[in-house]
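# Descriptive structure summary
Spelled out, the chains give:
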Amino acid sequence: MTASQGESPKLTGPEPTGEGPEPESGPLPLDSITLTGLRAAGHHGVFEHERAEGQEFVIDVTVWLDFAAAAASDALERTIHYGVLAEEVVAAVERDPVDLIETVVERIAAVVLEHRQARRVRVTLHKPSAPITVPFADVAVTITRARP
């Protein structure tokens, strides 16, 4: 069963440091795929106008995995197809509205970790049109999750 069917991979852990072994999960792989500035329209928020009108969200994702098998075989199926990953991340933002961007960012992390090659993911979800009454440049939440 996949996360979209109701079961999510177990998510754990603090931000990786890359310096020495990580608790319970071993050392962080040195290889990563980063998607920066993905854009998606969503209807998330606690205010009625956010739900009705929607707004743009911007997503940054870094996923850590081991490239060795993919590089040795030159086989796409031994890595994560970043084009497919980008589509999945955008779809996670664009589906069923929720109140909190914290909920959306967890949803994105679960989608990324559905890929068996993914070991750890960092997701930043930006809400540049957040309903804030003072001048601001951006609002964002960031999480890091890993397989146990």
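Here, the structure is the one placed above.
Let me sum up the structure you'll find in this document. (Residues numbered from 1 in each chain as written. Predicted model: local features only at pLDDT ≥ 70, side-chain atom pairs only at ≥ 80, totals over all residues. Heavy atoms only, no water.)

### Some thoughts on the sheet that holds strand β1 (residues 31-42)
Applicable threshold: Between any two strands, pairing holds if DSSP finds at least two bridges. Numbering of helices and strands runs from the N terminus; a helix is a DSSP stretch of H or I covering at least four residues, while a strand is a stretch of E covering at least two. Only the stretch in contact is used when a helix axis is fitted, and all axes are lines through C-alpha atoms; the angle between N-to-C directions ranges over 0 to 180 degrees. Any pair of residues with heavy atoms lying within 4.5 Å of one another is described as a contacting pair.
Taken together, four strands build an open sheet; the order of strands is β1-β2-β3-β4 and the sheet is antiparallel. The sheet is open, and its two borders are formed by β1 and β4 (140-146), each paired with just one other strand. The mean angle between the axes of side-by-side strands here comes to 15°, regardless of whether they run parallel or antiparallel. Strands β2 (55-65), β3 (120-126) and β4 of the sheet are contacted by helix α4 (residues 101-113), whose axis makes an angle of about 145° with β3.

### Some details on the environment of Thr103
Tracing the backbone shows Thr103 in helix α4. For the pair formed by Thr103 and His44, sequence separation is 59 residues and the distance between their alpha carbons is 9.6 Å.

### A closer look at the pattern of salt bridges
Here is the rule: Salt-bridge detection follows one rule: a side-chain nitrogen of Lys or Arg within 4 Å of a carboxyl oxygen of Asp or Glu.
A complete count under the given rule lists seven salt bridges for this structure. Here Asp99 ties to Arg51 by a salt bridge, and the two come within 2.5 Å at their closest N and O atoms. You can see Asp99 sitting in the loop between α3 (82-94) and α4 and its partner Arg51 sitting in helix α1 (residues 48-53), a full 48 residues away along the chain. The salt bridge involving Arg119 is made with Asp66; its shortest N-O contact spans 3.9 Å. Of the two residues, Arg119 sits in the loop between α4 and β3 while Asp66 sits in the loop between β2 and α2 (68-73), which places them 53 residues apart along the sequence. One salt-bridge network, in which partners are shared between bridges, spans Arg95, Asp96 and Arg107.

### Structural notes on the nonpolar core
Counted only if it meets this: Here, nonpolar core means buried Ala, Val, Leu, Ile, Met, Phe, Trp, Tyr and Cys residues that are tied together by side-chain atoms lying within 4.5 Å of each other. Each residue is placed in one exposure class: buried if its accessible area under a 1.4 Å probe, protein chains only, is under 20% of its type's maximum, exposed if it is over 50%, and partly exposed if it falls in between.
Ranked by size, the top nonpolar core spans 31 residues in total, and within it Ile59, Ile108, Val112, Val123 and Leu125 carry the most contacts. Elements with a minimum of two residues in this core: β1, β2, α3, α4, β3 and β4. Sorting elements by how many residues they give to this core places α4 first, with eight residues. For Val112, the contacting residues outside a window of four places in its chain are Val61, Val63, Leu85, Val89, Ala118 and Val121.

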